[in-house]
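# A closer look at the structure
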Amino acid sequence: QVQLVESGGGLVQAGGSLRLSCAASGRTFSTYVMGWFRQAPGKEREFVAAITWDGSSTYYAGSVKGRFIISRDNAENTVYLQMNSLEPKDTAVYHCAGRPQTKWPIVGANEYPYWGQGTQVTVSS
């Protein structure tokens, strides 16, 4: 199993940047696909980005492609989400999630059994 803790959220103006971190505990982190999801008030949780266990492949939602970058450091048991050119529509609680890699890509929230508590990102116009 793995436990996940996000950090790095906050308030930023439109056009600005934030980097989210997700620290994992557990020996199996380096074998897991890791994903980032977000949930805005009144909306369903939506896929943002995912990265393979070794970082060799990434996959993005169309709404963030070209603006967000997912990466990981298995030596530090951490996955990152660099968010650039932020827009008010990016405002949401951002969660990281993990699962063993059995296929690729994995974009469904219900396919990830392990979740962090989330970190709030607010983008002002």
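Let us look at the structure shown here. (Residues numbered from 1 in each chain as written. Predicted model: local features only at pLDDT ≥ 70, side-chain atom pairs only at ≥ 80, totals over all residues. Heavy atoms only, no water.)

## Quick notes on the nonpolar core
Defined as follows: What we call a nonpolar core is a set of buried Ala, Val, Leu, Ile, Met, Phe, Trp, Tyr and Cys residues that are connected through their side-chain atoms within 4.5 Å. Only protein chains enter the accessibility calculation, which uses a 1.4 Å probe. A residue is then buried if its area is under 20% of the maximum for its type, exposed if over 50%, and partly exposed in between. Secondary structure follows DSSP: runs of H or I at least 4 residues long count as helices, runs of E at least 2 residues long count as strands, and numbering of each begins at the N terminus.
Counting 36 residues, the largest nonpolar core has Trp36, Leu81, Met83 and Tyr94 as the members making the most contacts within it. At the level of secondary structure, the elements contributing two or more residues to this core comprise β3 (18–25), β4 (32–39), β5 (46–51), β7 (68–73), β8 (78–83), β9 (92–100) and β11 (119–124).

## As for the packing of aromatic side chains
We count it as follows: Here a pair means two rings of Phe, Tyr or Trp (six-membered ring of Trp) with centres within 6.5 Å. Their orientation is stacked below 30 degrees between planes, edge-to-face above 60, and tilted elsewhere.
Across all of its chains, the model carries 6 aromatic pairs by this definition. Geometrically, the ring pair formed by Phe37 and Tyr112 is edge-to-face, given 5.3 Å between the ring centres and 75° between the ring planes. With Phe37 in strand β4 and Tyr112 in the loop between β9 and β10 (114–115), this residue pair connects regions lying 75 residues apart in the sequence. For the residue pair Phe37 and Tyr112, the accessibility class agrees, reading buried in each case. Centroid distance Phe37 to Trp115: 5.0 Å. Interplanar angle 55°. Geometry classified as tilted. Of the two residues, Phe37 is situated in strand β4 and Trp115 in strand β10; the sequence distance between them amounts to 78 residues. Residue Phe37 is classed as buried on the basis of its relative accessible area, which comes to 1%.

## Description of the pairing of β8
Each regular strand displays side chains that alternate between the two surfaces of the sheet. Rules: For two strands to count as paired, DSSP must find a minimum of two bridges between them.
Burial analysis of β8 places 5 of its 6 residues in the buried class, the great majority of the element. Here β7 pairs with β8 via 6 bridges, running antiparallel. Among the inter-strand pairings, Arg72 is bridged to a residue of β8, identified as Val79. The antiparallel pairing of β7 with β8 creates a hairpin that spans 4 residues between the two strands, and Asn77 there sits at a positive phi of about 55°.

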